[in-house]
Amino acid sequence: MKKYDYLIVGAGLFGAIFAREATNRGKKVLVIDKRSTIAGNVYTEKIEGINVHKYGAHIFHTNNKKVWNYITQFAEFNRFTNSPVANYKGELYSLPFNMYTFNKMWGVVSPDEAIALIEKQRKEIKGEPQNLEEQAISLVGRDIYEKLIKGYTEKQWGRDCKELPAFIIKRLPVRMTFDNNYFNALYQGIPIGGYTKMVERILDGIEVRLETNYLDNKEELCGLAHKIVYTGPIDEYYDFKFGVLEYRSVSFENELIDKPNYQGNAAVNYTDRETPWTRIIEHKWFEFGKDEEGNDLPKTIISREYSTEWKPGDEPYYPVNDEKNNSLYAKYKELADADKNVIFGGRLGVYKYYDMDQIIAAAFDEAEKEFAL
Ligand code: UDP
């Protein structure tokens, strides 16, 4: 007799939500994670009263009311609105691309003037944009592409903008209004008390074994459960039999600074090619610089974020969804579809540049599908 209905590999958002949904339906689940912490890459750790986003900034945003209603069962969210600043060689620009950006870039004051300038600059792109560079120029023109997109994108992805898929840049809104909200989302915020606490609540009452690596104990762990939910890299699950999928990794240089304010904003992107980091996150501003009692925090913590090519042993962060990798993924997906004993989920399991809300939606959709049977 197997002790568990589901073995869930990975205690990130997908794994935790699937575990919750299965448990709520009377299933017995075991969640394992190779790390010593839960919450995957949304993990936050409180240092000097500041919730530090240890695996990079996570700003929750969604247009999906079902997702919002679901996740707010587990945390109250604050009113944080992401409005990053771009630093190009000391010149500061508002993001996403909006009237403040256009005014700073060209001195234009009206939407008509901005539209006219962009129209003129986008003429160099004929037909449907074929890559990220063409897509960017066709959205905002060459000036903005050169100063605010090219360097940042090439640092983040380690690839020429001509080699990258156009969809990546479509994540960013372009607005002819004075609106610095990075996201077009009805709902946005940061869970009060941190993401780790939120995931702790999702996993409430569920058995979790940390520092347990599925790949090291495959046979024994598989013997425990009828079915597996796998949120690690899909290529790793299949022993890289068709080849290795490419990922981008990120490393962080964290610094505690003995002053209350370093950069005046949660995120500053360094959009030139020469600065080695892509952005600096000042974590306290996700919570308005206050502790839980509403007191101003005297110190600050910043993280310089460096983007690197993933190699075995590194943490994978971003799937590289170019043609080559997508077609390799399709081969793994074919195996996965035929494998009725395992469900793949999460950014790494389905090799997609998913945001948190898409992961949450996918997790409960997957659970609904699984338990409707
Ligand atoms: N991007 C850019 N300049 C910026 C911020 C973003 O060109 O200052 C582009 C870049 O191509 C990047 C994409 O937008 O890969 C998505 O960036 P975002 O910061 O939203 O990604 P995240 O790392 O937060 O998922």
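Residues numbered from 1 in each chain as written. Predicted model: local features only at pLDDT ≥ 70, side-chain atom pairs only at ≥ 80, totals over all residues. Heavy atoms only, no water.

(A) Spatial organisation of the packing of aromatic side chains. Going through the model one piece at a time under the given rule, you end up with 32 aromatic pairs. Aromatic side chains F60 and F77 sit 5.4 Å apart centroid to centroid with 55° between the ring planes, which places their arrangement in the tilted category. One end of the pair, F60, is in strand 5 (residues 60-62); the other, F77, is in the loop between helix 2 (65-71) and strand 6 (85-88), with 17 residues separating them in the sequence. With a relative accessible area of 1%, F60 lands in the buried category. By relative accessible area, F77 is classed as buried at 13%. Taken together, Y214, Y230, Y237, Y238, F242, Y332 and F344 form an aromatic cluster joined through their ring pairs. The ring of Y55 has R35 lying over it, and the distance from NZ or CZ to the ring centre is 3.8 Å. (Phe/Tyr/Trp six-rings, centres within 6.5 Å; stacked < 30°, edge-to-face > 60°. Helix = DSSP H or I, 4+ residues; strand = E, 2+ residues; numbered from the N terminus. Buried < 20%, exposed > 50% of the residue type's maximum accessible area, 1.4 Å probe, protein only. Lys NZ or Arg CZ within 6 Å of the ring centre and 35° of its normal.)

(B) The site of the ligand, seen in detail. T153, Q156, W157, Y318 and Y353 are the nearest of the 17 residues found near the ligand. Y182 is positioned such that a nitrogen or oxygen atom in its side chain is 3.0 Å from an oxygen atom of the ligand. Against a free-state accessible area of 520 Å², the protein chains account for coverage of 93% of the ligand. Examining the composition of the shell around the ligand, we find that 6 residues originate from one element, helix 6 (residues 142-157), more than from any other. Of the residues belonging to the shell around the ligand, the class tally is 11 nonpolar, 4 polar and 2 charged. (Near = heavy atom within 4 Å. Polar contact = N/O pair within 3.5 Å; in protein donor to acceptor, adjacent residues only side chain to side chain. Areas by Shrake-Rupley, 256 points an atom, 1.4 Å probe, with all protein chains shown as cover. Nonpolar A, V, L, I, M, F, W, Y, C, P; charged D, E, K, R; others polar.)

(C) How the structure looks around the packing of helix 1 (residues 13-24) against helix 7 (residues 195-202). Across the interface, helix 1 lies against helix 7 with an axial gap of 9 Å and an inter-helix angle of 25°. Classified by the interaxial angle, the pair formed by helix 1 and helix 7 is roughly parallel. Taking contact as the criterion, the partners of L13, A16, I17 and R20 in helix 1 are, on helix 7, M198, V199, R201 and I202. Broken down by class, the residue content of the contact of helix 1 with helix 7 amounts to 6 nonpolar, no polar and 2 charged. (Axes fitted to C-alpha atoms, helices over the stretch in contact; angles between N-to-C directions. Parallel < 35°, antiparallel > 145°, perpendicular 65-115°, else oblique. Contact = heavy atoms within 4.5 Å.)

(D) Layout of the nonpolar core. Residues L13 and F18 are the most contacted members of the largest nonpolar core, which totals 83 residues. Looking at which element gives the most residues to this core, the answer is helix 12 (residues 356-372), with 8 residues. Setting aside its immediate chain neighbours within four residues, F18 contacts Y6, I8, V229, I343, A363, E366, A367, E370 and F371. The next biggest cluster of nonpolar side chains, apart from the first, holds 26 residues, and it includes A225, W310, L328 and V342. (Core = buried A, V, L, I, M, F, W, Y, C linked by side-chain atoms within 4.5 Å.)

(E) Layout of the sheet that holds strand 7 (residues 91-94). A sheet is described by the order of its strands in space; here 7 strands give the open sequence 7-6-12-13-14-11-15, paired in mixed fashion. Single-partner strands in this sheet number two, and they are strand 7 and strand 15 (318-319). Here 4 bridges tie strand 13 (residues 279-282) to strand 14 (residues 300-309), and the two strands are oriented antiparallel to one another. Counterpart to R279 in the pairing with strand 14 is E305. (Pairing = 2+ DSSP bridges.)

(F) A look at helix 7. Y195, T196, M198, V199 and I202 are the residues of helix 7 that are buried. Along helix 7, the residues classed as buried sweep out an arc of 160° about the axis, all on the same side. (Arc of directions from axis to C-beta.)

(G) The arrangement of unusual backbone geometry in detail. Each neighbour pair has its own omega, and for L95 with P96 the value is -10°, a cis peptide bond. Among the structural elements, P96 can be located in the loop between strand 7 and helix 3 (99-106). Even without being glycine, E48 reaches a positive phi, approximately 55°. Owing to a relative accessible area of 42%, E48 belongs among the partly exposed residues under this scheme. One non-glycine residue, D239, adopts positive backbone phi at about 55°. Residue class for D239 comes out exposed when judged on its relative accessible area of 57%.

(H) Focus on the environment of G264. Along the polypeptide, G264 turns up in the loop between strand 11 (247-257) and strand 12 (267-270). Among the residues examined, G264 registers a relative accessible area of 48% and is labelled partly exposed. For G264 and E282, which are 18 residues apart along the polypeptide, the C-alpha to C-alpha distance reads 8.1 Å. If near-sequence neighbours (up to four positions away) are discounted, G264 is found in contact with E282 and W285.

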